[in-house]
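Listed below, chain by chain, are the residues.
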Amino acid sequence: MRRQRFPKSLCCLLITLVYGGFSSPALATQDGEPGPDSADRIALWPQGLAPGDKPLAQPQHITERSHDPMLPDRFIDHVSTPYLVVYRPARPNGNALLVIPGGGYQRVVLDKEGTALVPSLVNEGGITLFVLRYRLPGEGRADREASLADAQRAVRLIRHRAGEWNVDRQRIGVMGFSAGGHLAARLGTGFDQTVYPASDAIDVESARPNFQLLIYPVIDMIGSDTHIGSRERLLGVDPSPELLHRYALQTQVRPDTPPTFLLHAADDEAVPVGNSLLLYQSLLKAGISSEMHLFPHGGHGFGIRGTAGLTTAVWPSLALDWIASQQTAPPGAAR
């Protein structure tokens, strides 16, 4: 039986209706993304391309996987010119979240771990969301630090322009899902690593998040809990022990790692719960303020949508309460 897809021209309208949409829906593209001239689409780099980078041979592409017009499920790949999509609350509370969706370092999902967050975190929670479309390592790009460069640049850009979005410079967090959780944790443990040359005043800003939320994150690169697909796309098929250790993030926790919120389902077969357990143990040893929530059911990639009827459904409220509990960073941190 042939499945019916809904027209691309409806995608933007449906996202607007279901998730609140963009401030300028008329400037959105047929794929549901805000257009390049929209105030809701923020280019990371002044020239489009990151310093020293070159465009991929394949053009950027957005694929719609859903057959339900009320549940968009897009992903983007072949990103050469990374950007942020901004979702702004009617009554901002000063908190901002850089959202890094997952996709196994093969793609970046846009709705399940992006637009689906808007009702809970933006409309109800008052948080300004910046969802990252980042460069991927496994598309013919030799630089495995490109994704981290995009994440660093995103935090610096949000901090530099915080006043435009009614964001407090000291209340900028990161939320990462799955492989996006690995990237978020790389940011939390490597925010000051030099992975691209400074090019403007934005790059003077700190890239340290004030707090981080890691949702069913990929963490380990060494043991049996490793997500093989993410590891191979990031590190290759036969990485050295030194490389594996560097990207096994439980080994990279440092005294100034941001306060951390961890969330995982015990029945996650794709990215086993051991990933979060390993990181939590390292955070405790380092004295990092941390909170971890483990649920018996949910599997992998549940986001907001996949929790109906499960105790896991409370996680957005837990996350909002935890964010609210975070105090302003001490003087000198992440200025």
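The shown structure was predicted, so the numbers you read here are calculated from the model rather than taken from an experiment.

Caption draft 1: The arrangement of the packing of aromatic side chains in detail. Within the structure shown, the criterion is met by seven aromatic pairs. Following the ring pairs from residue to residue traces out a cluster consisting of Phe177, Tyr216, Phe302 and Trp315. Over the ring of Tyr83 we find Arg41; its NZ or CZ atom is 3.8 Å from the centre of that ring. Positioned above the aromatic ring of Phe191 is the side chain of Arg254, whose terminal nitrogen or guanidinium carbon lies 4.4 Å from the ring centre.

Caption draft 2: The sheet that holds strand β3 (residues 74–77), seen in detail. The antiparallel open sheet is built from three strands, whose spatial order is β2-β3-β6. Strands at the two margins of the open sheet, each flanked by one partner only, are β2 (61–64) and β6 (108–109). Here four bridges tie β2 to β3, and the two strands are oriented antiparallel to one another. Looking at the pairing, Thr63 lines up with Phe75 of β3.

Caption draft 3: Summary view of the sheet that holds strand β10 (residues 260–265). Read from one edge of the open sheet, eight strands run β1-β4-β7-β5-β8-β9-β10-β11, paired in mixed fashion. Every interior strand has two partners, whereas the edge strands, β1 (41–43) and β11 (290–295), have only one. Going from strand to strand, the sheet's axes swing by 20 degrees on average, the running direction of each strand aside. Pairing of strand β8 (residues 172–177) with strand β9 (residues 211–215) involves five bridges; the strand directions are parallel. Each residue of the ladder has a partner; that of Gly173, found in β9, is Phe211. Each of β5 (96–100), β8 and β9 is contacted by helix α4 (residues 179–190), which is oriented at about 145 degrees to β8, the strand it contacts most. Contacts from helix α7 (residues 274–286) reach β9, β10 and β11 within the one sheet, and its direction differs from that of β10 by about 155 degrees.

What counts and what doesn't
Residues numbered from 1 in each chain as written. Predicted model: local features only at pLDDT ≥ 70, side-chain atom pairs only at ≥ 80, totals over all residues. Heavy atoms only, no water. Phe/Tyr/Trp six-rings, centres within 6.5 Å; stacked < 30°, edge-to-face > 60°. Lys NZ or Arg CZ within 6 Å of the ring centre and 35° of its normal. Pairing = 2+ DSSP bridges. Helix = DSSP H or I, 4+ residues; strand = E, 2+ residues; numbered from the N terminus. Axes fitted to C-alpha atoms, helices over the stretch in contact; angles between N-to-C directions. Contact = heavy atoms within 4.5 Å.

Take it as geometry only, folks, not as evidence of what the structure does.
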